Amino acid sequence: DPGADASLCGMAATGASGTNAVRYGTMRPNVLNLRVVLPDGRLLHTAGPGRQPRWVPGGCAGLATCHVRACSPALHRKRAAGYDLTSLFVGSEGTLGFLTQATLRLHPLPEATAVTVASFPSVGAAVACTVQVLQAAVPVARIEFLDEVMADACGRFSGMGLPVAATLLLELHGSRQSLAEQQQQTEEIMRQNGGSSLAWAEGLEEREQLWSMRHNAWYAALALRPGCQVRHRDGDDGGSAHGALSATALPSLAQGYSTDVCVPISRLPDVVVETKQDLQASGLTGPMVGHVGDGNFHCILIFNSQDPEEAQRVHTFTQRLGRRALAAGGTCTGEHGVGLGKRALLQEELGQEGLDTLRSIKAALDPHNLMNPGKVL
């Protein structure tokens, strides 16, 4: 479920994920082989040079590459031969080599799909509902959280008029018979947590409209601070009337900063509620949105980049958020990566021995520090 400007190898390099990860996994388990140009110019196939797909008559199911094509031979389902080089490069953020081709796992399309949107009396109730749905082993494909600020922004930006309340978007996949059972079970759990406005969308157009609203969350958040300039590439969602308005707005000093953390599902309600309270106490404009089925959520902070005091509040908040996640047994970033901004948090998460090990790997593969110098480490 990539964003509008994502590439397959870029998603592999950042260890990305998205709304479907709760059922189908992040990029890491879905990448089977990578072709990597190492810093010294050598070409590496992380699962072996004979394991990349080739054109064959008829093709085969289950695999794809950056240049989507049929494949042979099919890759093995198990492997215990040596170190897992593929996982080493997934999430390496460009610090170990250039990823130029990825062999990916494909998943079959479900027979039936249904999406619902439910509003809740509080952020805690919405997230608690998420935890209970997962504990009941409902095989959800997507379960997305919007706080009341984000729900209001998305509703106005998309023209759908969502209630100004904590909101869950939930999608189920399966056979028609199993889907009916899943819907009934989900509705019961949602009502127990105060969920309302339950209605299921099963038609493709209606489902796409709901997810388009969710995927435009970034632009909806920017619109909370009028004058934010949004630049779109050809083919992005900015072709809509709302997107075109944002794209042509006059430049301003306001900008958006998105940060994320990921925590164990059992700790998610506490961490989300504490973060919401922290946001309100900080006086920041920061709607919350998350792939809560994975324990992963984001704060989109809109601030004046030329106001040192506000910029410092944003930095201090993001550091507190990262440490809150670590204290809950989570990670300082679930999908955005470390980059420059979370290097200190990475050391707190891994410890000195872990960081030294990463530096040894970096030095072995890139002794001249050519690849993304300064990033991650």
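Not measured: the values here are computed from a predicted model.

Participant: Just to check I follow, could you spell out the overall build of the protein chain for this structure?
Facilitator: Helix and strand counts for the protein chain stand at 13 helices and 11 strands. For the protein chain, buried positions account for 47% of its 377 residues. Within the protein chain, contacts between residues separated by at least 24 positions form 72% of all contacts whose residues are at least 6 apart in sequence. For the protein chain, the exposed area adds up to about 17800 Å²; of that, 53% sits on carbon and sulfur atoms.

Participant: Help me out: how do you make sense of the sheet that holds strand β9 (residues 254–262) in this one?
Facilitator: Strand-to-strand pairing in sheets goes through backbone hydrogen bonds, with the strands running parallel or antiparallel. The 7 strands lie next to each other as β8-β5-β7-β6-β10-β11-β9, forming an open sheet whose pairing is antiparallel. Looking at strand neighbours, the two that pair on one side only are β8 (200–201) and β9, the edges of this open sheet. Bridge count between strand β5 (residues 112–120) and β8: 2 bridges; the pairing is antiparallel. The residue bridging Val-115 from the neighbouring strand is Ala-201, located in β8. Strands in contact with helix α7 (residues 176–192) are β5, β7 (166–174) and β8; relative to β7, the strand with the most contacts, it is inclined by about 160°. The sheet strands contacting helix α11 (residues 268–282) are β6 (140–146), β10 (288–291) and β11 (296–304), and the helix crosses β11 at an angle near 5°.

Participant: Explain α7 here, please?
Facilitator: Residues three or four positions apart in an α-helix share a direction because the helix packs 3.6 residues into each turn. For α7, built from 17 residues, the straight-helix expectation of 24 Å at 1.5 Å per residue is met to within 8% by its first-to-last C-alpha distance of 25 Å. For α7, the set of buried residues is Leu-179, Gln-182, Gln-183, Thr-186, Ile-189 and Met-190. Taken around the axis of α7, the buried residues stretch over an arc of 135°, which confines them to a single face. Exposed positions of α7 whose direction lies more than 90 degrees from the buried face are Gln-177, Glu-181, Arg-191 and Gln-192. Buried-residue contacts for α7 involve β5, α5 (123–135), β7 and β8. One or two steps after α7, the chain reaches Gly-194, where phi turns positive at roughly 85°.

Participant: Looking at this structure, I do not really get the packing of aromatic side chains. What am I missing?
Facilitator: Aromatic ring pairs: the centre-centre distance and the angle between the two ring planes describe each pair. Per the counting criterion, the structure on display carries 0 aromatic pairs. Here the guanidinium or amino end of Arg-142 rests over the ring plane of Trp-211, the centre of that ring lying 4.1 Å away.

Participant: Help me understand the environment of Met-160, please; the structure alone is not making it clear to me.
Facilitator: Looking at the element boundaries, Met-160 is found in the loop between α6 (148–158) and β7. Taking relative accessible area as the criterion, Met-160 reaches 27% and is therefore assigned partly exposed. Distance from Met-160 to Leu-210, taken between C-alpha atoms, is 8.7 Å for residues 50 residues apart in sequence. Ignoring any residue separated from it by four or fewer positions in sequence, one finds Met-160 in contact with Gly-155, Gln-209, Leu-210 and Met-213.

Participant: Explanation requested: the pattern of salt bridges in the structure shown.
Facilitator: Pairing of side chains with opposite charge becomes possible as their charged atoms draw close. For the coordinates displayed, the defined rule picks out 15 salt bridges. Asp-278 is paired through a salt bridge with Arg-320; the nearest N and O atoms lie 2.8 Å apart. Of this pair, Asp-278 sits in helix α11 while Arg-320 sits in helix α12 (residues 308–327); the two residues are 42 residues apart in sequence, bridging distant segments of the chain. A relative accessible area of 35% places Arg-320 in the partly exposed class. We note a salt bridge from Asp-366 to Lys-362, for which the minimum N-O separation is 2.7 Å. The exposure classification of Asp-366 matches that of Lys-362, with both residues buried. Overlapping salt bridges bring together Glu-274, Asp-278, Arg-320 and Arg-324 as one network.

Participant: Explanation requested: the environment of Glu-274 in the structure shown.
Facilitator: For Glu-274, the location among the structural elements is in helix α11. On the basis of relative accessible area, Glu-274 is assigned to the partly exposed category, the value being 36%. C-alpha of Glu-274 to C-alpha of Leu-321: the two residues are 47 residues apart in sequence and 9.3 Å apart in space.

Participant: Where do I start with α12 in this structure?
Facilitator: End to end, α12 covers 28 Å across 20 residues, agreeing with the expected 28 Å (1.5 Å per residue, within 8%). Buried within α12 are the following residues: Glu-310, Val-314, Phe-317, Thr-318, Gln-319, Leu-321, Gly-322, Arg-324, Ala-325 and Leu-326. Tucked inside the fold, the buried residues of α12 contact β9, α11, β11 and α13 (343–365). With a side-chain oxygen positioned 3.1 Å from the backbone nitrogen of Glu-309, the residue opening α12 is Asp-307. Just beyond α12, the residue with positive phi is Gly-329, at close to 85°.

Participant: Just to check I follow, could you spell out the pairing of β7 for this structure?
Facilitator: The buried count for β7 comes to 9 of 9 residues, which makes it a mostly enclosed element. A two-sided burial pattern is seen for β7, the buried positions comprising Ala-166, Leu-168, Leu-170, Leu-172 and Gly-174 on one face and Thr-167, Leu-169, Glu-171 and His-173 on the other. Here β5 pairs with β7 via 9 bridges, running antiparallel. Following the sheet pairing, Ala-114 is matched in β7 by Leu-172. When β6 meets β7, the two strands line up antiparallel, connected through 6 bridges.

Participant: Would you explain the packing of α12 against α13 in this entry?
Facilitator: For any two helices packed against each other, the geometry comes down to the angle between their axes and how far apart the axes lie. Contact geometry for α12 and α13: axes closest at 10 Å, N-to-C directions at 10°. What the angle tells us is that α12 and α13 run roughly parallel. In the crossing of α12 with α13, the sense of the turn from one axis to the other is right-handed. Residue-level inspection shows Gln-319, Gly-322, Arg-323 and Leu-326 of α12 in contact with α13, the latter providing Leu-345, Glu-348 and Glu-349. Of the residues that constitute the contact of α12 with α13, the class distribution is 2 nonpolar, 2 polar and 3 charged.

Cut-offs used in this document
- Residues numbered from 1 in each chain as written.
- Predicted model: local features only at pLDDT ≥ 70, side-chain atom pairs only at ≥ 80, totals over all residues.
- Heavy atoms only, no water.
- Helix = DSSP H or I, 4+ residues; strand = E, 2+ residues; numbered from the N terminus.
- Buried < 20%, exposed > 50% of the residue type's maximum accessible area, 1.4 Å probe, protein only.
- Contact = heavy atoms within 4.5 Å.
- Areas by Shrake-Rupley, 256 points an atom, 1.4 Å probe, with all protein chains shown as cover.
- Pairing = 2+ DSSP bridges.
- Axes fitted to C-alpha atoms, helices over the stretch in contact; angles between N-to-C directions.
- Expected span 1.5 Å × (residues − 1).
- Arc of directions from axis to C-beta.
- Phe/Tyr/Trp six-rings, centres within 6.5 Å; stacked < 30°, edge-to-face > 60°.
- Lys NZ or Arg CZ within 6 Å of the ring centre and 35° of its normal.
- Salt bridge = Lys/Arg side-chain N within 4 Å of Asp/Glu carboxyl O.
- Polar contact = N/O pair within 3.5 Å; in protein donor to acceptor, adjacent residues only side chain to side chain.
- Parallel < 35°, antiparallel > 145°, perpendicular 65-115°, else oblique.
- Left-handed = near helix turned anticlockwise from the far one by under 90°.
- Nonpolar A, V, L, I, M, F, W, Y, C, P; charged D, E, K, R; others polar.

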